[in-house]
Amino acid sequence: MSENSPEKEVVVKKNFIHQIIEEEIKAGKNGGMVHTRFPPEPNGYLHIGHAKSICLNFGTAQKFNGITNLRFDDTNPSKEDTEYVDSIMEDVRWLGFDWGDRLFYASDYFQKLYDFAVRLIEEGKAYVDDQNAETISSQKGTPTRPGTESPFRNRPVAESLDLFQRMKAGEFNEGERVLRAKIDMASPNMHMRDPIIYRIMKTPHHRTGDKWSVYPMYDFAHGQCDYWEGITHSVCTLEFEVHRPLYDWFIDQLKDSDYRPRQIEFARLNLTYTVMSKRKLLQLVKENYVNGWDDPRMPTICGLRRRGYTSASIRNFAERIGVTKVDGVIDVALLEHSVREDLNKHAQRVMGVLNPLKVVITNFPEGQVDELDAVNNPENPDAGTRKVPFTREIYIERDDFMENPPRKFFRLSPGKEVRLRYAYFITCNEVVKDENGEVVELRCTYDPASRGGNSPDGRKVKATLHWVSVTENVKAEVRLYDRLFSDEEPDGHKDKDFLEFLNPDSLEVLDNCYVEPFVKDAKALDSFQFERLGYFNVDPDTSSDKLVFNRTAPLRDTWAKMQGK
RNA sequence: UGACCCGUGGUGUAAUUGGCAACACGUCUGAUUUUGGUUCAGAAGAGUCCAGGUUCGAGCCCUGGCGGGUCAACCA
C-alpha cells in the first residue's frame, strides 16, 4: 500500500564529497566521469548505517550522471557466506537502487591480484615472511616506536617467488607463511610497516571453492579492484583514513596512466538508543536477545522493512542527516519523523482497538448493522472512502474512558458525551464493574440524529473516539515496539557492556485486538494508520487464521506528553 | 610522548568560499481540526572549543593551545 513512494524523489543536498567532485569536473578530471561502488563484505546483514553509504554512493553517481557498481568484498572465506550475498542484494534493490549488470566480487580478481603480487615480488617490493603471527606483530613496533625489519625481508626474489607459488599450491599450513609488501618498517603510519598482503587459508570460498589456498588482505584487494573497475571515487568510512597512503601506494605500483581512483572518507552513522556494529548485531541475534536479523527492533534494513519503514523514508532520512567527517550521533527521533512523514501521506486509515472495553449502545436496535462512510486518507482525497459497520455493541480503547477524569481529559467518562469517529455522538450513562471493581462494560445511549458524526443542532463535543464493532471485526495480534536499549549510547560506556542497557520492555504483544473488517485481506508488509494510535503494518507471521500487526511508530501524542509531566 | 582526522543552538547539517550565523529534528506557545494526528502561525535556544595574529571586516585564513576520534587483526 505504501512500501515505496517513488513519486517524491529525494532532493539531494550538496555535501563535501559533491563539492570535491564538482571541482574535479571543473578541472576536467576523469573526463567528467563519476563512477562509484558499494562494497559490502557478505558477512552479515545490512543496517541503516549501510543505507547511508548506499544512498551516498548511488546518489552521488546519479547526481553526476555516473554509475555505481555493487561489489562484494569477499576476501575472507572464513567469515563470508552466500546467505548474506542474497540478503544484501535484496536490501539494496528494496532501497530503490540498481547496479545494472555491474555486479562484481573481489573474488573475480583473485588471479589478477595474484599476478600483481608476483610482479611486486619480482620488482623487489614484496617478500615471503616465514615468521608466525606473534613474531611479526612484535616486530611491528607501536604507534610511537618504529618497527624492526623481518630477517626474511631481503631474501632473494627467486626464493620468495618459489615460496609464494608453493603457498598457493597448498604446500604449507595456515599461519606458516605470509606475503608482505616491502615498504617502510619505520613509517609513522602503522599500515605502511610492511603490511601483510596474502595469507594462507584452507577454508573453501563460497565462490571459488578450494581453488585457492592463499587470499589477499583487504588492503591489497580493495584499491586494485577499484582501479580495474574504473572507479573514480572510492567512498568509505573514517576508520580507513589511515589506510589511504597504503591504498595509494598499491595504485602507484599498478597504474599505467593518469587515471587513479580516489579514496574519500566520511563519518559512519550512529543512532541514539541503538548499536550499529555488525559484531554486536550478530551477538543480539546469536544469543537470542532478538528474534533474528529481521526482528523489527533491529536497525537492519530487513528489520526496518519488517517494522514498516518505507524505503522512501529511509532515503529521505539519509539525505536529511547529511555527509561529513564529524562523527556524531543522530537522534532516532529523526528517523521516526521520516517514516511518519511518509506514512502520513500514504497510509490507508483504519480503526483498530488495542485494549478493548465493551460499550453497549442501549438505545440502538439489536441485530442491526449500520454501514457508515469513512475517509480512507484525509491527506489524499483520491484514496476515496469505505464503509465501516456500526452495531449495538462496540469496543473502544480502555484509555479512552476514565471514571474520575482529570481536568484536561476530553474523552469518555460518566455523563459525558463524545463522538464515535464517522458514527454517532454517545453519552455514557452507566459503568459496569466486576467483583474486583474493574470496569468491564459501559452502557451508553446514542443520538440517532448525529449519524456521520455531526449533530444537527450544532452541539459540539471535545473528543472523537475510534471504535470497532463487537460482531463485525477482524481479530488481530499487535506487537508494540519500543527502543531496544534504554541508554542513548549503549556501547558508549567503557565500564559497562551494551547488553546491560537492553530495554526489557522493547516488545509488548497484545493478542486481544480488534480491527475493522477492511483489513481482512491485507498482505504482509501492508501499512495502515490505526487512527489516533499510530502506523501499523502486517507482519509476515500473519496466517490465514491469524492477523499480526507491528507498530511501526506511534502518532505524536500530546495527551501522553502532558501526562508524562 | 607518533601519525592522521575532527570541533557551529539539545541533536544533525548550512553559511554565495572573508561580509554582522540559516535550515531540519526536538522543545514551548497559539490557531484550525470528526485522528489530542496532519496543517498553519509564532517563540525560546549558538555568537561558531580557547588564546593570539592577518584584515576595514574571520565560523571560514595563519600560529599555538585544549578537547574528541582513529591506527599496533594472517578482519573488513
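Quick caveat: nothing in here was measured; it's all calculated off a predicted structure.

Cut-offs applied
Residues numbered from 1 in each chain as written. Chains lettered and ligands numbered in written order. Predicted model: local features only at pLDDT ≥ 70, side-chain atom pairs only at ≥ 80, totals over all residues. Heavy atoms only, no water. Helix = DSSP H or I, 4+ residues; strand = E, 2+ residues; numbered from the N terminus. Polar contact = N/O pair within 3.5 Å; in protein donor to acceptor, adjacent residues only side chain to side chain. Contact = heavy atoms within 4.5 Å. Pairing = 2+ DSSP bridges. Axes fitted to C-alpha atoms, helices over the stretch in contact; angles between N-to-C directions. Parallel < 35°, antiparallel > 145°, perpendicular 65-115°, else oblique. Left-handed = near helix turned anticlockwise from the far one by under 90°. Nonpolar A, V, L, I, M, F, W, Y, C, P; charged D, E, K, R; others polar. Core = buried A, V, L, I, M, F, W, Y, C linked by side-chain atoms within 4.5 Å. Buried < 20%, exposed > 50% of the residue type's maximum accessible area, 1.4 Å probe, protein only. Salt bridge = Lys/Arg side-chain N within 4 Å of Asp/Glu carboxyl O.

A. How the structure looks around the side chain of Asn189. With respect to the helices, strands and loops of the structure, Asn189 is situated in the loop between strand S5 (178-181) and strand S6 (196-200). Of note is the side chain of Asn189, whose polar atom sits 2.9 Å from the backbone oxygen of Val242. Among all residues touching Asn189, those that are not within four sequence positions of it are Val242 and Pro245.

B. Spatial organisation of the sheet that holds S5. Strand order across the open sheet formed by 4 strands is S4-S5-S6-S7, with antiparallel pairing between neighbours. Looking along the sheet, the strands with just one partner apiece sit at the ends: strand S4 (126-129) and strand S7 (214-216). Going across the sheet, the axis of each strand differs from the next one's by a mean of 25 degrees, ignoring polarity. Two strands pair when backbone bridges link them, and S4 and S5 are joined in this way by 4 bridges, in the antiparallel orientation. Bridge pairing in S5 links Tyr127 to Arg180. Each of S4, S5, S6 and S7 touches helix H6 (residues 157-168); the most contacted strand, S4, lies at about 65 degrees to it.

C. Here's a closer look at the pairing of strand S18 (residues 439-447). With 4 bridges connecting them, strand S12 (residues 356-361) and S18 associate as parallel partners. When the sheet's bridge partners are listed, Lys358 is paired in S18 with Glu441. Bridge count for strand S17 (residues 425-433) against S18 is 8 bridges, and the pairing is antiparallel. Residue pairing across strands places Val432 opposite Glu441, the latter belonging to S18. A loop of 5 residues connects S17 with S18, the two strands running antiparallel in sequence, and Gly437 in this loop sits at a positive phi of about 85 degrees.

D. Up close: the packing of helix H11 (residues 311-321) against helix H12 (residues 332-346). Contact pair H11 / H12: the axes reach a minimum separation of 9 Å and the direction vectors enclose 135 degrees. As summarised for this structure, H11 and H12 are arranged oblique, according to the angle between their axes. The element H11 and its partner H12 pack so that their crossing is right-handed. Listed contacts from H12 to Ala312, Ser313, Phe317, Arg320 and Ile321 of H11 are Leu334, Leu335, His337, Ser338, Val339, Glu341 and Asp342. Across the contact of H11 with H12, the residue classes tally to 6 nonpolar, 3 polar and 3 charged.

E. Layout of the sheet that holds strand S1 (residues 35-38). Pairing within the open sheet is parallel, and its 3 strands lie in the order S1-S2-S3. Two strands close off the open sheet at either side, each with one partner strand: S1 and strand S3 (103-105). Averaged over all pairs of adjacent strands, the angle between their axes in this sheet comes to 35 degrees, without regard to strand direction. In this sheet, strand S2 (residues 67-72) lies alongside S1 in parallel orientation, the contact comprising 4 bridges. Within S2, the residue paired with Thr36 across the bridge is Thr68. Packing against the sheet, helix H2 (residues 48-63) makes contact with S1 and S2, and its axis sits at approximately 160 degrees to S1.

F. A look at the nonpolar core. Residues Phe164, Met167, Leu179, Ile197, Tyr198, Phe220 and Phe250 are the most contacted members of the largest nonpolar core, which totals 37 residues. Contributions of two or more residues to this core are made by helix H4 (110-122), S4, H6, S5, S6, S7, helix H7 (218-229) and helix H8 (244-254). Ranked by the residues each element gives to this core, the list is headed by H4, at 8 residues. Leaving out residues up to four positions away in the same chain, Ile197 has contacts with Ala126, Leu179, Arg180, Ala181, Tyr215, Pro216, Met217, Phe220 and Phe250. Grouped together as the second largest cluster of nonpolar side chains are 35 residues, Leu46, Leu95, Phe97 and Tyr105 included.

G. The arrangement of the pattern of salt bridges in detail. Evaluated as defined, the whole model comprises 50 salt bridges. Here Glu393 makes a salt bridge to Lys358, at a shortest N to O gap of 3.5 Å. In this pair, Glu393 sits in strand S15 (residues 393-397) while Lys358 sits in strand S12, placing the two residues 35 residues apart along the sequence. With relative accessibility at 28%, the residue Glu393 sits in the partly exposed group. In the salt-bridge network here, residues are joined through shared partners; they are Asp294, Arg306, Glu477, Arg479, Asp539, Asp541 and Lys546.

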